[in-house]
Amino acid sequence: MVSSDSKLWAFLAYFLSIVGFVLVLAMKKNDRFALYHAKQSLVLFIASVILYVAAMLLTPVMLFFIFYIFWVIYIVVFVLWIIGIVNAVTGKTKPLPIIGGFAEKFKF
């Protein structure tokens, strides 16, 4: 069973994004559950930045569709964020869809 303290730190990792990751890494490095979700949150943050930058680079080419591309990216990132928070609060260590496998490659 996962402690409520671990769940709180895992939640903060998602809620505070990169700051949450740094806090978990600095204060709860030995808490495997919190660190697992902090890594998931970090990968989600990196993926969202890459997607937004890619969308910005495609703006001149696809000016008409850029509005829709941004909304699709926003919705996907938001849904993954919600899934991560739900998993953290309920004590599950399930990888996030699409990007979860990348987080397992980080070694801290």
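Kindly report on the overall build of the protein chain, identifying the contributing residues and their values.
Each helix and strand counted, the protein chain has five helices and zero strands in total. In the protein chain, the succession of α and β elements from N to C terminus is α-α-α-α-α. Principal-axis analysis of the C-alpha atoms gives the protein chain an extent of 50 × 25 × 20 Å. Within the protein chain, contacts between residues separated by at least 24 positions form 64% of all contacts whose residues are at least 6 apart in sequence. As displayed, the protein chain offers around 6800 Å² of accessible surface, 77% of which is attributable to carbon and sulfur atoms.

With reference to specific residues and values, describe the packing of helix H2 (residues 17–27) against helix H3 (residues 32–57).
Contact pair H2 / H3: the axes reach a minimum separation of 9 Å and the direction vectors enclose 150 degrees. On the basis of their axis angle, the class for H2 and H3 is roughly antiparallel. As H2 runs across H3, the sense of the crossing is left-handed. Residues Ser17, Ile18, Phe21, Val24 and Leu25 of H2 touch H3, and the partners they reach there are Ala34, Leu35, Ala38, Lys39, Ser41, Leu42 and Phe45.

Can you break down the environment of phenylalanine 78 residue by residue, with the values?
Its location among the elements puts phenylalanine 78 in helix H4 (residues 66–90). The spatial distance from the C-alpha of phenylalanine 78 to the C-alpha of serine 48 is 9.7 Å, given a sequence separation of 30 residues.

Criteria and cut-off values
Residues numbered from 1 in each chain as written. Predicted model: local features only at pLDDT ≥ 70, side-chain atom pairs only at ≥ 80, totals over all residues. Heavy atoms only, no water. Helix = DSSP H or I, 4+ residues; strand = E, 2+ residues; numbered from the N terminus. Contact = heavy atoms within 4.5 Å. Areas by Shrake-Rupley, 256 points an atom, 1.4 Å probe, with all protein chains shown as cover. Axes fitted to C-alpha atoms, helices over the stretch in contact; angles between N-to-C directions. Parallel < 35°, antiparallel > 145°, perpendicular 65-115°, else oblique. Left-handed = near helix turned anticlockwise from the far one by under 90°.

Functional significance is not addressed by these values, which are geometric in nature.
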